Amino acid sequence: MTVSQDILKKMMELPHRLSGTVYEQKAGEYLKNVYSYFGIQAKEFNSSTLPNSLELHLIISFSLMLLTILVNFLNIALITLPIFVVTVLVYFRLFNLPFRFFKKRTQSKNIYAEVPASGKEKYTLIFTSHYDTSNDLGPLWSILGPIHKYLNGPSGFNLPDYINNALVFPNLALGLTLLALFIPDNSAKFFFGIFAAIPLVIGIYFLNNGKKKPSSGAYDNGVGTSLMVELAAYFNKNPLNSTKLIFANVAAANTLTRGTIPFLNSLNLEKLNTFIVDLDGIGEEQFVLVDSEPSYPLGLAVPFDSTFQVVADFADDFFQKDYKIINSPLPSGNQELIMRGYRVSAIITTMPKNNYPKAFHSSKDNFENIKWDKVEEVRDFIIGYSTYFDEVSKEVNF
């Protein structure tokens, strides 16, 4: 067994690693001990976590959406506009206040290891990988996956990848709500108002039902987490010349209070000279680079940093162009990092060829389904890319 296999097998002994739970904390403690076993001084940063905040956010949006429609039916024009504005603001998460009163916050452990450059430090390269798991959204993917595949196949449509995400139902509901707001005919308002509630109820049903059976968390994202330790152990013995490396196992990625942002803020990094590569969903057939992700919640593409091209150039040589570049199908904390001035180069992931990863956020995501030869390929790519980045950065300013 490889180092990553040993680590993952141990982590899979936990019932789950849901964000903000005691099992997430146990996994964090275990990772810190594993770093120590390899002679690496791992550090810990605790961040405040609001469990299930995504589901709570959707429910609040749902309530305000229905209230907006109700006010429209009553033809109270002066109240319609402000309530509509409130609805949109909440949907964009500008109101953080309501969340504080619904759930008790817990602490999540962000574990990281630093490998200083052997010479004069010029840049910092950070590899992140979340180790918490989510609720089981397998039934949702079983509906969205085939639809998305069909629309991009026989139908002739060319939908971007980010259309296929867990927020597609509430996004559809919001669009129909907007129609109900601005259509003058009351019967049409009623039709679109009722119709708007259907997809959001379906979305909330799937999210709520998924709580009964948490995702197992091998492909998403136990392998990526295990690789962080293996990579840190390698570079601890083989540091780069002018690039400092940080390997971060981040927590609470499956909530709106993601640990990545407060963790990186705590490091007081020079953002201009820091580049972030995120590992998520490792262990499937095809190597994939992600160059953007959908904005939360509307799904508009947020492009990553221009240094994505550096990653892609190396991938061209490493894989002889036998890999994919896609838009991310799901929003994550990376767009929030971009909004805060951080430079996110890419997400590295793997997917089945010509299919959607059924193990993603699923209770079927287990150790036995991982393709370990592909995991080793990802590990070798990261080692090679880090060295390539270090060499190129001696002559080029990013």
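See above for the structure.
Only a predicted model underlies this, so the values are computations on that prediction, with no experimental measurement involved.

J.: Can you help me understand the overall build of the chain in this one?
T.: For the chain, the helix and strand inventory stands at twelve helices and nine strands. Out of the 398 residues belonging to the chain, those deemed buried represent 56%. Restricting to contacts in the chain with at least 6 residues of sequence separation, those with at least 24 account for 85%. Of the accessible surface of the chain, which amounts to about 17,500 Å², a share of 59% is contributed by carbon and sulfur atoms.

J.: In this structure, what is going on with the environment of D316? I would like to understand it.
T.: Within the element layout of this structure, D316 appears in helix α10 (residues 308–318). Dropping the residues within four chain positions of it, D316 is found in contact with K321 and Y323.

J.: Explanation requested: the packing of α10 against helix α12 (residues 372–392) in the structure shown.
T.: The packing of two helices is summarised by the inter-axis angle and the distance between the axes. The contact between α10 and α12 brings their axes to 10 Å, and the two run at 125°. Classified by the angle between their axes, α10 and α12 sit oblique to one another. The handedness of the crossing between α10 and α12 is right-handed. Only E377, D380, F381, G384, Y385 and Y388 of α12 make contact with α10, whose side of the interface consists of V310, V311, D313, F314, A315 and F318. Partitioned by chemical class, the residues of the contact of α10 with α12 number eight nonpolar, one polar and three charged.

J.: Got a minute to help me understand the environment of V223 in this structure?
T.: By the secondary structure assignment, V223 is in helix α8 (residues 218–237). What V223 contacts, discounting residues up to four positions off in sequence, is L8, A218, I282, I370, W372 and V375.

About the cut-offs
Residues numbered from 1 in each chain as written. Predicted model: local features only at pLDDT ≥ 70, side-chain atom pairs only at ≥ 80, totals over all residues. Heavy atoms only, no water. Helix = DSSP H or I, 4+ residues; strand = E, 2+ residues; numbered from the N terminus. Buried < 20%, exposed > 50% of the residue type's maximum accessible area, 1.4 Å probe, protein only. Contact = heavy atoms within 4.5 Å. Areas by Shrake-Rupley, 256 points an atom, 1.4 Å probe, with all protein chains shown as cover. Axes fitted to C-alpha atoms, helices over the stretch in contact; angles between N-to-C directions. Parallel < 35°, antiparallel > 145°, perpendicular 65-115°, else oblique. Left-handed = near helix turned anticlockwise from the far one by under 90°. Nonpolar A, V, L, I, M, F, W, Y, C, P; charged D, E, K, R; others polar.

Honestly, that's just the spatial picture; any functional story needs more than this.
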